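These are the residues of each chain, in order.
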There are 2 protein chains.
Amino acid sequence: MTTRITTDRPPRRGQANHVACDDCGLFPLCNPINISGHELSMAEEFVERRQPIRAGEYLFSEGAPFTAIYAVTSGAIKLVNNSDEDEELIVGFVLSGEALGQTGIYPQRYPCSAIALEDSFVCELPFGSLLETANQVPVLLNNFQTMLHKENFDLYRQFAMLMARKNAEQRLSAFLLNLSLRRQERGFSAEEFQLPMSRDDIANFLGLRKETLSRLFTKLHQSGSIAVRGKHIRMLNAEQLRKASGLPSSAS
Amino acid sequence: MTTRITTDRPPRRGQANHVACDDCGLFPLCNPINISGHELSMAEEFVERRQPIRAGEYLFSEGAPFTAIYAVTSGAIKLVNNSDEDEELIVGFVLSGEALGQTGIYPQRYPCSAIALEDSFVCELPFGSLLETANQVPVLLNNFQTMLHKENFDLYRQFAMLMARKNAEQRLSAFLLNLSLRRQERGFSAEEFQLPMSRDDIANFLGLRKETLSRLFTKLHQSGSIAVRGKHIRMLNAEQLRKASGLPSSAS
DNA sequence: GAGCCCATTTGATATAAAGCAATTAGCGCA
DNA sequence: TGCGCTAATTGCTTTATATCAAATGGGCTC
């Protein structure tokens, strides 16, 4: 085996592990008018492209003033809440192609910290530029609102309310389906991938202990739903996993 | 003991059990400009005031087109998700003075059903009117966005993420503190009140069994945190309850 | 390539909550 | 006021997950 960190397949377009612009969650903001003919791109002027961030580094910190929205173009980020003094509380993971920081808009402060799970690249869209341009391009603000609402609903409200009532196996099943689906949405393989986070991080996010989580990985492996080898996951039977998740139809 | 249903104290202003307009969550939308001198009130023209709704009746149904935002002026409403075919999933409670229906804006459909827990009154603010007026009064839209973000953060994101990791006692403690705080915000007594919902509803919302919940009420009662007699609650030691909730400082 | 460190897995036991059954209490109605 | 229905409580048993402890494994450094 080589020393390559990931065995992910490349996305539909662009370089391996890097998401292409038109698969990126920030695309509707970077390119608010992309209909035939018109070409207003904020990307050229405002977006700071491909900034590197090393594993463990903070992209922004909880409570810091809200200045920019980001998109992960490669790698992965965890969102951490430290308000509970003693231990960190992981409130979400941001995958390659997904946006983060949007939720800072309401109180004008980031509600959580963003920490790189592995060496990553991000694009930065300063919020000031966004507002300035929004006056000329109303659709921009609309795109932003849509993004916010979608995120609030999909990522937080539904998922968290479900979590509160699901048992350990259902939580892990739902989590894996969720990751797989999100990868698919960004043009990555939904069937096979490397988990960017540790077992501890998953356990933290799902409100379980790492021992319980480990046993569950073993159980899902043995039941034939997935193949697990360390962080490498292969989805063998998504339908079975969906049943195990206790979710109605399509996991958010 | 008399046959009066509730022993709630009256709010700061207005009739007993009815919230006054300026304690109402819809106030910033009904009266977007209430600064000295100006008086633009949507209330006079558009708001349908004090519509009665009987216990068990639907105010709106999950999936129905989004037409209006409501405020509960007296009584209480439960928000129910029926997407899980077999059983209902209670995703929240709306108390007197609070708004509901706002979250229908994104997909233009109500994401859950609203069912009266007891005979109640609501005000209705048609969304069409809101949009029309918003063109003339930009601050209106801003108030609306603020309301949405606040709700998404307070009511759902934080609360639900906490729930997923809290044990039964912590959940119930947090729930009671949350109710108490919300009553206080609307000018009702935070120390003593009637629960508008059944034990089954609370258990459903908190992801617990009613037997577990019942034991916990007994436990909190015996520990001196609260006094319970059926649906009547008296908060005896909020600080103790806060500790039991495992929440950092002020429960949302 | 060997050794070390830390993440992960596995095993054994304790504990919290669910599940089931029976009793009690509250409330509407005759 | 008493009856009857349903909600709520309580007791007992089972199950799922946490907890504690030990063993294994993978990746990194030298």
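Below: a short report on this structure.

Remarks on the overall build of chain A
Looking only at helices and strands, one finds 8 helices and 11 strands in chain A. Across the 252 residues that make up chain A, the buried fraction comes to 54%. Long-range pairs, those at least 24 residues apart, make up 71% of the contacts in chain A with a sequence separation of at least 6. Only carbon and sulfur atoms are counted for the fraction: they give 50% of the accessible area of chain A, which is about 11800 Å².

Describing the protein's contact with DNA strand D
Lining the immediate environment of DNA strand D, one finds 17 residues, of which Ala168(A), Arg209(A), Thr212(A), Arg229(A) and Thr218(B) sit closest. Sugar and phosphate atoms form 64% of the subset of DNA strand D atoms that lie within 4 Å of the protein. A distance of 3.3 Å separates a base nitrogen of DNA strand D from a polar atom in the side chain of Glu211(A). A distance of 2.6 Å separates a phosphate oxygen of DNA strand D from a polar side-chain atom of Thr218(B). If you list the elements that add at least two residues to the surface near DNA strand D, you get α7 (210-222) of chain A together with α6 (199-206) and α7 (210-222) of chain B. Among the elements that take part in the surface near DNA strand D, α7(B) stands out by supplying 4 residues, more than any other. Within the surface near DNA strand D, the residues separate by chemical class into 2 nonpolar, 6 polar and 9 charged.

So, empty space enclosed by the protein
All names here are of chain A. Applying the stated criterion across every chain, the model contains 6 cavities of 30 Å³ or more. Roughly 110 Å³ of internal volume is contained in the largest cavity. Forming the walls of the largest cavity are 14 residues, and the residues nearest its centre are Cys21, Cys24, Arg49, Thr73 and Cys123. Within the residue set of the lining of the largest cavity, elements represented by two or more residues are α1 (27-30), β1 (48-53) and β3 (68-74). For the lining of the largest cavity, the class distribution of residues is 10 nonpolar, 2 polar and 2 charged.

Considerations on helix α3 (residues 127-136) of chain B
All names here are of chain B. Residues Phe127, Ser129, Leu130, Thr133 and Ala134 constitute the buried set of α3. The buried residues of α3 occupy an angular sector of 150 degrees when the element is viewed end-on, so they sit on one face. Counted as exposed and oriented over 90 degrees from the buried face of α3: Glu132, Asn135 and Gln136.

Observations regarding the pairing of strand β11 (residues 232-235) of chain A
Residues and elements named next belong to chain A. Pairing of strand β9 (residues 192-194) with β11 involves 3 bridges; the strand directions are antiparallel. Directly across from Glu192, in β11, lies its bridge partner Arg234. Here strand β10 (residues 226-229) hands over to β11 after 2 residues, with Gly230 in that stretch at a positive phi of 65 degrees.

Considerations on the interface of chain B and chain A
Of the residues lining the interface, 30 residues belong to chain B; the matching set on chain A comes to 30 residues. Counting the contacts that link chain B with chain A gives 0 salt bridges. The tally of links from chain B across to chain A stands at 8 residue pairs in polar contact (both at pLDDT 80 or more). If you list the elements that add at least two residues to the side of chain B that touches chain A, you get β5 (89-95), α4 (138-163) and α6 of chain B. Looking at which element gives the most residues to the side of chain B that touches chain A, the answer is α4(B), with 12 residues.

About the thresholds
Residues numbered from 1 in each chain as written. Chains lettered and ligands numbered in written order. Predicted model: local features only at pLDDT ≥ 70, side-chain atom pairs only at ≥ 80, totals over all residues. Heavy atoms only, no water. Helix = DSSP H or I, 4+ residues; strand = E, 2+ residues; numbered from the N terminus. Buried < 20%, exposed > 50% of the residue type's maximum accessible area, 1.4 Å probe, protein only. Contact = heavy atoms within 4.5 Å. Areas by Shrake-Rupley, 256 points an atom, 1.4 Å probe, with all protein chains shown as cover. Near = heavy atom within 4 Å. Polar contact = N/O pair within 3.5 Å; in protein donor to acceptor, adjacent residues only side chain to side chain. Nonpolar A, V, L, I, M, F, W, Y, C, P; charged D, E, K, R; others polar. 1 Å grid on protein atoms, 1.4 Å probe; cavity = no way out; pocket = protein on both sides within 12 Å on 5 of 7 lines; lining within 4 Å. Points joined across faces, edges and corners; volume = space filled by probe spheres on them. Arc of directions from axis to C-beta. Pairing = 2+ DSSP bridges. Salt bridge = Lys/Arg side-chain N within 4 Å of Asp/Glu carboxyl O.

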